[in-house]
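Each chain is listed here by its residues.
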Amino acid sequence: MTFRTRFAPSPTGPLHLGHAYSALLAYDMAMCEGGDFLLRIEDIDQGRARLAWEAQIYDDLKWLGICWPEPVMRQSDRLGQYRMAIETSALAGLIYPCGCSRADIKEALSAPQEGVAVYGPDGLVYPGTCRPEEGISVKRQWNEGDTLRLDMRAAVTHLGASKSRHGPFTFSFTETGEGPNGETGLIEFTPDALIETIGDVVLARRDMGTSYHLSVVLDDAAQKISHVVRGRDLFEATKIHVVLQQLLGLPTPTYHHHKLIRDEDGKRLAKRDDARAISKYREDGLTPQDIRAMVGL
Ligand code: GLU
């Protein structure tokens, strides 16, 4: 199998050292394997994405010595594909519209009968306030602008029914890097863990028609990515991606979650860490080799 990976930045701020590490590591792995390195611009958040940031991403990556085939995939060009996936796949019968704000979710979870609130990859696990009672065979109605959630219990039941009729089953993916707790190799997780620790994730954000999870899964498949190389902070979200791949009939790539680059206080770098922006280091006269040395490559 050809090794094919990608770097998928969101053009919502400058690339910093953490992005440089991720892009260089993926690029080095692809070159070492005689494979392909692709670039994808994850710009579904049109309220925050800027063409100027996108231009700077191209500039910074070229300066780092990275090259990629054109044309670059941009998520804003693929909104129709995301919509179609929601409307025409198994997802159509497994999602429901949700009108809860973050404050509503917090409030619902503070009710005494809810027990301890659980945090999943997207924050608090949704308490199910808007989840309809009826069975999963009913195609639910929604509008263009709705927030749509995946009914996780219905989703794993649907997959369980199609997998086997005998006994429990697990989901899995192969990890060649490490999760936050050193997880590596074959990573297995149960339907119950998905329901309890991840829950009804948002698949389409209000007025966006999609979400990071849905887009990333469809795009990795469309780009025939064999190895996803990305930060360890996305390890738990990979479980959502595996479920979506199965619901959409898509292959699961191999995953390589890498260390996060942190500041002197041990905090993960964020977009607002302009002081560590690649462009700033360039202005200060550092070389791509200096950047490699700083991130340990
Ligand atoms: N756009 C995501 C980010 O910038 C990339 C996530 C991924 O590589 O799957 O964090």
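Fair warning: this is a prediction, and the values are worked out from it, not measured in the lab.

Let's shift gears to the site of the ligand. Arg 6, Ala 8, Ser 10, Glu 42, Tyr 212, Val 216, Arg 230 and Leu 234 make up every residue found near the ligand. In this structure, an oxygen atom belonging to the ligand sits 2.7 Å away from a side-chain N or O atom of Arg 6. Here a nitrogen atom of the ligand and a backbone polar atom of Ala 8 are 2.8 Å apart. Within the complex, 77% of the 300 Å² of free accessible area of the ligand lies under protein. Broken down by class, the residue content of the shell around the ligand amounts to four nonpolar, one polar and three charged.

Here the focus is the pattern of salt bridges. The full count for this structure, using the stated rule, is 18 salt bridges. For Arg 282, the salt bridge identified is with Asp 59, shortest N-O distance 3.6 Å. With Arg 282 in helix α9 (residues 278–283) and Asp 59 in helix α2 (residues 51–63), the pair connects residues that are 223 residues apart, well separated along the chain. We classify Asp 59 as partly exposed; its relative accessible area is 43%. When the shortest N-O distance is used, the salt bridge between Asp 77 and Arg 74 registers 4.0 Å. You can call Asp 77 exposed: its relative accessible area is 57%. Looking at Arg 74, the relative accessible area reads 22%, which means it is partly exposed.

Before going further, it helps to examine the sheet that holds strand β1 (residues 4–7). Spatially, three strands are ordered β1-β2-β3 in an open sheet, and the strand pairing comes out parallel. Each edge of the sheet is formed by a strand with only one pairing partner; in this case those strands are β1 and β3 (73–74). Pairing analysis gives two bridges linking strand β2 (residues 36–41) to β3, with the strands arranged parallel. Each bridged residue has a counterpart across the sheet, and for Arg 40 the counterpart in β3 is Met 73. Against the sheet, helix α7 (residues 212–222) makes contact with β1, β2 and β3, and its axis sits at roughly 145° relative to β2, the strand it touches most.

This paragraph deals with the packing of helix α1 (residues 17–32) against helix α10 (residues 288–295). Running from N to C, α1 and α10 cross one another at 95°; their axes reach a closest spacing of 10 Å. When the interaxial angle is binned, α1 and α10 end up roughly perpendicular. On the side of α1, the interface is formed by Leu 17, Ala 20, Tyr 21, Leu 24 and Asp 28, while α10 contributes Ile 291, Arg 292, Met 294 and Val 295.

Once that is clear, we can look at the UniProt feature "domain: Glutamyl/glutaminyl-tRNA synthetase class Ib catalytic" (unreviewed entry) in the protein chain. The sites that UniProt annotates as "domain: Glutamyl/glutaminyl-tRNA synthetase class Ib catalytic" (unreviewed entry) are residues 4–108 and 187–294. Helix makes up 44% of residues 4–108 and strand 15%. Its end C-alpha atoms lie 44 Å apart.

Both faces of strand β7 (residues 147–150) are covered, namely the face carrying Thr 147 and Arg 149 and the face carrying Leu 148 and Leu 150. Looking at chain direction, strand β4 (residues 95–98) and β7 are connected through four bridges and run antiparallel. Each residue of the ladder has a partner; that of Ile 95, found in β7, is Leu 150. Pairing geometry for β7 and strand β10 (residues 202–204), over two bridges, is antiparallel. Paired with Leu 148 across the bridge in β10 is Ala 204.

On to α7. A large share of α7 lies buried, amounting to eight of its 11 residues. Taken together, the buried positions of α7 are His 213, Leu 214, Ser 215, Val 216, Val 217, Leu 218, Asp 219 and Asp 220. Within two residues after α7, Lys 224 carries a phi angle of roughly 55°, on the positive side.

Now for the packing of aromatic side chains. Taken as a whole and judged by the stated rule, the model has seven aromatic pairs. Pairing Tyr 27 with Phe 37 gives two aromatic rings, centres 5.4 Å apart and planes at 85°, and the pair type is edge-to-face. Highlighted residues: Tyr 27 in helix α1 and Phe 37 in strand β2, separated in sequence by 10 residues. Phe 37 matches Tyr 27 in its accessibility class, with the two residues each being buried. Note that Arg 149 overlies the ring of Tyr 126, its terminal NZ or CZ placed 3.8 Å from the centroid. Here Lys 259 stacks its cationic end above the ring of Tyr 21, 5.0 Å away from the centre of that ring.

Conventions we followed
Counting of residues starts from 1 at the beginning of each chain's written sequence and follows it residue by residue. This being a predicted model, a pLDDT of at least 70 is required before a residue's local features are given, and a value of 80 or more before pairs of side-chain atoms are given or counted; all residues contribute to the totals for chains, interfaces and linings. The side-chain numbers reported here are obtained from all heavy atoms of the structure, hydrogens and water having been left aside. Proximity criterion: a residue is near a molecule or strand once any of its heavy atoms comes within 4 Å of it. Polar contacts, as used here, are pairs of N or O atoms within 3.5 Å; protein pairs need one atom able to donate a hydrogen and one able to accept it. Residues neighboring in sequence count only if both atoms are side-chain atoms. Accessible surface area values rest on a Shrake-Rupley calculation with a 1.4 Å probe, where residue burial reflects the displayed protein chains alone. In this classification, Asp, Glu, Lys and Arg are treated as charged, Ala, Val, Leu, Ile, Met, Phe, Trp, Tyr, Cys and Pro as nonpolar, and every other residue, Gly included, as polar. Salt bridges are counted wherever a side-chain nitrogen of Lys or Arg sits within 4 Å of a carboxyl oxygen of Asp or Glu. We count a stretch as a helix when DSSP gives it H or I for four or more residues in a row; a strand needs E for two or more, and each element gets its number in order from the N terminus. Only protein chains enter the area calculation, which uses a 1.4 Å probe; residues under 20% of their type maximum are buried, those over 50% are exposed, and those in between are partly exposed. In short, DSSP must find at least two bridges between two strands for them to pair. Contacts: residue pairs with any heavy atoms within 4.5 Å of one another. Axis geometry follows a simple rule: fit a line to the C-alpha atoms, using only the stretch in contact for helices, then measure angles between N-to-C directions, giving values from 0 to 180 degrees. When describing relative orientation, an angle under 35 degrees is termed roughly parallel and one over 145 degrees roughly antiparallel, while 65 to 115 degrees is termed roughly perpendicular and anything else oblique. UniProt positions are given in the numbering used here, feature names are shortened, and annotations may be inferred rather than shown by experiment. Centre distance within 6.5 Å is the pairing criterion for rings of Phe, Tyr and Trp, where only the six-membered ring of Trp is used; planes under 30 degrees apart are then read as stacked, over 60 as edge-to-face, and the remainder as tilted. Whether a charge sits over a ring comes down to the Lys NZ or Arg CZ being within 6 Å of the ring centre and within 35 degrees of the ring normal.

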